[in-house]
Number of protein chains: 2
Amino acid sequence: MIDRLIEKIKETQNPTVVGLDPVFSMIPNFIKQECYEIWGKTPKAVSEMFIRFNKAIIDSTHDLIPAVKPQIAMYEQYGLDGISAYLKTIEYAKEKGLIIIGDVKRGDIASTAAAYAGHIAGVTIEGEHFDLWKEDAITLNPYMGYDGIEPFLKPCEEFDKGLFILVKTSNPSGCELQDLDVSGEPVYNYTADLVKKWGENLIGEHGYSKVGAVVGATYKEQGDDLRKRMPNTFFLVPGYGAQGATAKDLSGYFDKNGIGAIVNSSRGIIASYKAKKKHEEEFATSAREAVIEMRDDLKGVL
Amino acid sequence: MIDRLIEKIKETQNPTVVGLDPVFSMIPNFIKQECYEIWGKTPKAVSEMFIRFNKAIIDSTHDLIPAVKPQIAMYEQYGLDGISAYLKTIEYAKEKGLIIIGDVKRGDIASTAAAYAGHIAGVTIEGEHFDLWKEDAITLNPYMGYDGIEPFLKPCEEFDKGLFILVKTSNPSGCELQDLDVSGEPVYNYTADLVKKWGENLIGEHGYSKVGAVVGATYKEQGDDLRKRMPNTFFLVPGYGAQGATAKDLSGYFDKNGIGAIVNSSRGIIASYKAKKKHEEEFATSAREAVIEMRDDLKGVL
């Protein structure tokens, strides 16, 4: 997966992942009305809105980007219909050749972690294998240590999948635990060392492990340090755009060959028609323009 | 929710929560065959197996216990059908008057955390409110700090719901981050102080906050210390039974009135027919016996 991701980034010359995180208020009114007419004012209608919205964004951007990152929470809040929209979005994006990073941030232990590993491993029922979630990679939470990660490592190898484990997050209160001082070093450095160790047997041909890290864009110096600390760990970088980070902040997140990180933008792309005060019919073309702007912005520092 | 939970514990004289964590290998063959005949060897069949299995366990134990804790991972691995079984399990347990602790261990920030809060807040579509998940409380991960918790606090108040936030987990590698030494204190003490602070405005009439903590049963001394450190925080305690902890280890997790904690057992109850080498038709009555044994075991130390 990590080699495929790097090859797609090289092919598109664009280390951008589009966050498919639809929010009800982003959905253009004409899509809302179409769905209300068929399904009423129900979670099913919202689920169908999300699918239509996402498909249009994917159609409009898939040739420019290597990957999409649907955030499952946005769908999960709408219950079973919401999860259905998450799965259909993944299916459609895969058909268009995109790599899927499922932003699920699961974290548990032992048999429970093994069950969550179904996201990348699928399940086997009486000898028949079902890949029900279809993500190429997922995000995980490290708070419970190796017991929570180990069940995912074999599926990464067996099914060529990937992980991105939270190291340093982009939000202001991420510091409350992550920056606590342990003998002169912040907790997130310990997390970084664990993530590095967990991935050391899964390094692909481009020198990066299938076990990657989430490193927020909003703490530039810390990102630069983490790049040096974990040279074989690919970074998934949230926080660009809407959260305030710019391309200039990110130069140190990449290696000398300009690889090593993929930068997420969600609202900044999928809701750009709102920020740019465009007509709502233009939401998908506006997303395309936003992707091109972001690609060119990132190119400037690589 | 926390007051209701404490009242149910007093009523049943039993601080036991049954972990409804079905695993394929636990399901009696006669249930498997019934479901295969109708739905084939499919995720839908497994979903129906889980529902039938859980309903029988609930029927057999609901008068003895205050709450159940379905672990969503066990269901989630079976995709949409699995999630459907999770929801139907919750619905059935609620009908039987049980309090539902959804073990989802979600953790994210800002608008994403607000979306996950849909688990306890429901969603509103054009003025109509839908409670799609129906959990009374859920578990959360603290790694991202207050930004990941704040969106859940208002729904706790508004809809009388609860949270249990990971502080000290029961698994061996929980120490890797949780026990790092910060100026002479482990990271989990800092987490404990945060959890205490986050819940200080949500304390109910029995003196406990709607914001509780997950404190594993397997580290007795640490549990005792945490009880003193966070006197208004209710504990959800995993690790009893299958993970090795006994009632004796847990006396310090309760307050002087014998409240303050609810102890989870999953396999030890729902798969007790296997451990006790009983006939598979007896799986539900065996679960009832296991609940009674656990209740009496815990009574011995309270």
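Check the entry above for the structure.
Keep in mind that this is a model prediction, so the values were computed, not measured.

1. Observations concerning the overall build of chain A
Helix and strand content of chain A: 15 helices and 12 strands. For chain A, the C-alpha radius of gyration of 19 Å lies close to 19 Å, the compact-globule estimate for 302 residues. Here the C-alpha coordinates of chain A stretch approximately 60 × 55 × 35 Å along the principal axes. Residues counted as buried form 63% of the 302 residues belonging to chain A. Sequence separation of 24 or more characterises 73% of the internal contacts of chain A that already satisfy a separation of 6 or more. Looking at chain A as shown, the accessible area adds up to about 10500 Å², and 49% of this sits on carbon and sulfur atoms. Once the 35 positive and 44 negative side-chain charges of chain A are each reduced to a mean point, those two points are 4 Å apart.

2. Quick word on the sheet that holds strand S1 (residues 16-20) of chain A
All names here are of chain A. On the basis of which strands lie adjacent, the closed barrel formed by eight strands has the order S1-S2-S3-S6-S7-S10-S11-S12 and parallel pairing. Strand-to-strand twist across the sheet, computed as the mean angle between neighbouring axes with direction ignored, equals 30 degrees. By the bridge criterion, two bridges tie strand S10 (residues 211-215) to strand S11 (residues 235-237) in an arrangement that is parallel. Among the inter-strand pairings, Val214 is bridged to a residue of S11, identified as Leu236. Contacts from helix H10 (residues 187-198) reach strand S7 (162-168) and S10 within the one sheet, and its direction differs from that of S7 by about 165 degrees.

3. Some thoughts on the packing of helix H3 (residues 43-61) of chain A against helix H5 (residues 79-95) of chain A
Residues and elements named next belong to chain A. In contact at an axis separation of 8 Å, H3 and H5 are set at 20 degrees when each is read in the N-to-C sense. Comparing their axes, H5 and H3 come out roughly parallel. For H3 against H5, the interelement crossing comes out right-handed. Residues Pro43, Lys44, Ser47, Glu48, Phe50, Ile51, Asn54, Lys55, Ile58 and Asp59 of H3 form the contact with H5, whose participating residues are Asp81, Gly82, Ala85, Lys88, Thr89, Tyr92 and Ala93. Split by residue class, the contact of H3 with H5 holds seven nonpolar, four polar and six charged.

Reading the values: the criteria
Residues numbered from 1 in each chain as written. Chains lettered and ligands numbered in written order. Predicted model: local features only at pLDDT ≥ 70, side-chain atom pairs only at ≥ 80, totals over all residues. Heavy atoms only, no water. Helix = DSSP H or I, 4+ residues; strand = E, 2+ residues; numbered from the N terminus. Rg over C-alpha atoms; globule rule 2.2 N^0.38 Å. Buried < 20%, exposed > 50% of the residue type's maximum accessible area, 1.4 Å probe, protein only. Contact = heavy atoms within 4.5 Å. Areas by Shrake-Rupley, 256 points an atom, 1.4 Å probe, with all protein chains shown as cover. Lys, Arg positive; Asp, Glu negative; His and termini not counted. Charge placed at Lys NZ, Arg CZ, Asp CG, Glu CD. Pairing = 2+ DSSP bridges. Axes fitted to C-alpha atoms, helices over the stretch in contact; angles between N-to-C directions. Parallel < 35°, antiparallel > 145°, perpendicular 65-115°, else oblique. Left-handed = near helix turned anticlockwise from the far one by under 90°. Nonpolar A, V, L, I, M, F, W, Y, C, P; charged D, E, K, R; others polar.

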